[in-house]
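Listed here are the chains, written in short residue letters.
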Amino acid sequence: MSADGQFLVVTGLHPPQVKVYDLSQLSMKFERHLDAEVVDFAILGEDYSKLAFLCADRSINFHAKFGKYYSTRTPRQGRDMAYARHTGDLVVVGGAHEMYRLNLERGRFLTPMEARSGSLNVIGSCPTTGLLAVGSEDGTVECFDPRTRAAIGELNVTRANGGVTAVRFDPNGMSVAAGDGEGLIRVYDLRSSRPVLTKDHYNGFPIKDLKYHTGVDEKRRVISADTRVVKIWDPSADGKPFAAIEPGSEINDVCVWDRTGLMITALEHKTLGCYFTPALGPAPPWCSFLENLTEEMEEERTTSTFDDYRFCTREELARLGLDALVGTKMLRAYMHGFFVDNRLYGKAKAIAEPFDYEQYKRDKVEEKLAAERAGRITTKKRAPKVNAALAARLETGGDASEKRKGRGRRRDDPMDSDDDDVPGGGLLEDDRFAAMFKDARFEVDEQSEAYKTLHPNAPKLSKSERRELLEEHFDLDEDEDEDVDDDERQNAADASARAAAAEVSSEEDEEEE
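Below, the structure is looked at part by part. Keep in mind that what you see is a predicted model, and the values were worked out from it rather than measured. (Residues numbered from 1 in each chain as written. Predicted model: local features only at pLDDT ≥ 70, side-chain atom pairs only at ≥ 80, totals over all residues. Heavy atoms only, no water.)

### Let's talk about the sheet that holds strand E13 (residues 132-136)
Two orientations exist for strands paired in a sheet by backbone hydrogen bonds: parallel and antiparallel.
No. 1: If you walk across this open sheet you meet the 4 strands as E12-E13-E14-E15, and the pairing is antiparallel. Only two strands of the sheet have a single partner each, and these edge strands are strand E12 (120-125) and strand E15 (151-156). The sheet shows a mean angle of 20° between the axes of neighbouring strands, direction not considered. (Pairing = 2+ DSSP bridges. Helix = DSSP H or I, 4+ residues; strand = E, 2+ residues; numbered from the N terminus. Axes fitted to C-alpha atoms, helices over the stretch in contact; angles between N-to-C directions.)

What follows is the structure in structure tokens.
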């Protein structure tokens with residue numbers, strides 16, 4: 001983004017080209033084709049009128065408003081480039097220990113600065129103090145003062161493969177953040193050689209870009225991006241996560257607007273990824289319509305949960321032997337851990353912990369509590385005249401709830417009280433539902449088509465099963481026993497009548513033949 005915030009410059013491949021967008025008009029201003037792939041570029045002025053492109057053929061191309069202005073070559077292939085505004089130097093680093101300086105005021109190369117490391121990956125410039133910081137393949141960060149051409153300090157950041165892959169100064173000039181090839185970001189105070197904070201992306205991919213962002217609340221946060229995810233976190237609160245974005249394509253670069261919630265990512269795709277986070281700040285003036293869109297989305301807000309996944313920390317994964325799956329589709333990085341499929345977690349736990357003594361002890365305690373409850377003296381109530389089977393099922397649900405409430409507690413635990421109200425049992429004593437078990441108008445006909453339609457999975461109990469259910473929870477009177485026996489006798493009579501009718505129909509068929 002240009003310094004005045006009005007233009008967006010994007011480079012791409014196939015073929016190598018650059019496109020400049022006029023944000024106030026929401027349109028592309030122009031596009032130009034280049035001779036080689038763009039490795040990095042810098043905006044030298046307040047707008048798009050002065051651009052410098054570091055290309056893959058060891059050339060630096062300068063463009064003006066009208067087009068290409070000048071081209072020069074560096075002694076070695078460059079990997080990164082930074083513009084030091086305090087001195088007017090364009091500094092290029094690459095696979096050597098030299099830092100090539102092209103002074104734009106004199107129009108010639110100056111004596112290169114030399115680093116201790118043999119190969120340099122990235123370079124960053126501090127907008128406040130003018131210091132230069134270079135990250136090397138050896139895992140070190142060296143700071144240079146352009147006025148002395150000598151290194152004024154060195155930080156041993158990492159031993160990861162690839163070394164330091166991203167460097168960014170805090171705008172206040174007192175701290176610097178460095179990302180390595182294993183997804184770790186370390187924040188340093190320039191007055192100390194020890195990191196004040198270490199942030200892990202938990203996926204093992206190299207850090208592509210680092211940005212400091214100042215929100216509308218004047219709070220400064222760090223935006224770090226690897227090839228898969230962009231994370232926003234607070235460096236002053238032990239790296240507390242604020243938000244995360246997964247574009248779905250490989251990430252190459254990130255562009256942010258201070259005091260706004262807009263973010264644009266350059267992806268391995270023909271389109272850019274545009275994301276708006278209202279919690280960071282309002283939308284820029286040239287796209288204020290995003291405010292209305294987010295308000296409409298808030299009205300239709302839905303929550304999603306990982307019902308079939310279990311959250312595990314990195315330590316738990318190592319204990320289960322699943323740490324080798326970090327970075328694969330089997331694990332989903334989230335906050336300070338990962339989401340693991342329940343089936344995979346169960347199999348891994350069965351292998352890592354074939355006999356869990358703690359779970360065995362809990363099961364034994366529960367069995368003893370259940371045996372004690374079974375030996376207690378219980379009083380049975382009289383069965384209601386209406387909906388007796390429904391009342392028995394409610395009592396069954398209350399007993400199960402009571403067992404769940406008492407699970408894992410001592411017998412003398414005051415929380416394990418038989419006087420607690422449980423679902424189901426409370427309905428029989430509630431005066432509001434008394435008519436449901438006394439008035440025949442409220443009787444539930446379980447044989448009706450309406451009941452079967454509303455309850456397709458309802459259990460179908462035989463007369464004997466129904467009688468056992470009632471005897472388990474209620475004290476049946478002789479009249480109720482006779483009613484149950486009458487029902488059984490009626491069912492037997494109906495069955496014999498159907499058999500006799502079948503015999504008569506078979507005899508009539510034989511006579512007709």
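### Comments concerning the environment of Tyr-188
No. 1: Take Tyr-188: it is sitting in strand E18 (residues 184-189).
No. 2: Using a relative accessible area of 2% as the deciding quantity, one classes Tyr-188 as buried.
No. 3: A C-alpha to C-alpha distance of 5.5 Å links Tyr-188 and Ser-175, two positions 13 residues apart in sequence.
No. 4: Residues within four places of Tyr-188 in sequence aside, it is in contact with Leu-155, Asn-156, Val-157, Met-174, Ser-175, Val-176, Ser-193, Arg-194, Pro-195 and Val-196. (Buried < 20%, exposed > 50% of the residue type's maximum accessible area, 1.4 Å probe, protein only. Contact = heavy atoms within 4.5 Å.)

### A word on the pairing of strand E1 (residues 7-12)
No. 1: Across 6 bridges, E1 lies against strand E2 (residues 17-22) in antiparallel orientation. Across the sheet, residue Val-9 finds its bridge partner in E2, namely Val-20.
No. 2: The turn joining E1 and E2, which pair antiparallel and follow one another in sequence, is formed by 4 residues; a positive phi near 55° is taken by His-14.

### So, a nonpolar patch on the surface
No. 1: On the surface, Leu-26, Phe-289 and Leu-293 cluster together to form a nonpolar patch covering roughly 280 Å² of accessible area.
No. 2: Tracing the backbone through its elements, the reader meets Phe-289 in the loop between strand E26 (273-276) and helix H1 (290-299).
No. 3: Take Phe-289: its relative accessible area is 42%, and that puts it in the partly exposed class. (Patch = residues over 30% accessible without salt bridge, like charges linked within 9 Å, V, L, I, M, F, W, Y side chains within 5 Å. Areas by Shrake-Rupley, 256 points an atom, 1.4 Å probe, with all protein chains shown as cover. Salt bridge = Lys/Arg side-chain N within 4 Å of Asp/Glu carboxyl O.)

### Some details on the packing of aromatic side chains
No. 1: Considering all chains together, one arrives at 8 aromatic pairs under this definition.
No. 2: Plain terms: the ring middles of Phe-7 and Tyr-48 are 4.9 Å apart, the flat faces sit at 65° to each other, and that makes the pair edge-to-face. Here Phe-7, found in strand E1, pairs with Tyr-48, found in the loop between strand E4 (38-43) and strand E5 (51-55); they are 41 residues apart in sequence, far enough to count as distant.
No. 3: Grouping aromatic residues by their ring pairs yields a cluster made of Phe-7, Phe-30 and Tyr-48.
No. 4: Positioned above the aromatic ring of Phe-242 is the side chain of Arg-221, whose terminal nitrogen or guanidinium carbon lies 4.3 Å from the ring centre. (Phe/Tyr/Trp six-rings, centres within 6.5 Å; stacked < 30°, edge-to-face > 60°. Lys NZ or Arg CZ within 6 Å of the ring centre and 35° of its normal.)

### Some remarks on unusual backbone geometry
No. 1: A cis amide bond links His-14 with the next residue in sequence, Pro-15, at an omega value of -10°.
No. 2: You can see Pro-15 is positioned in the loop between E1 and E2.
No. 3: Of note, His-14 is a non-glycine position whose phi angle comes to about 55°, a positive value.
No. 4: In this structure, His-14 sits in the loop between E1 and E2.
No. 5: At Arg-259, a residue that is not glycine, the phi angle is positive and equals roughly 60°.
No. 6: Topologically, Arg-259 is positioned in the loop between strand E24 (251-256) and strand E25 (262-267).
No. 7: A relative accessible area of 41% places Arg-259 in the partly exposed class.

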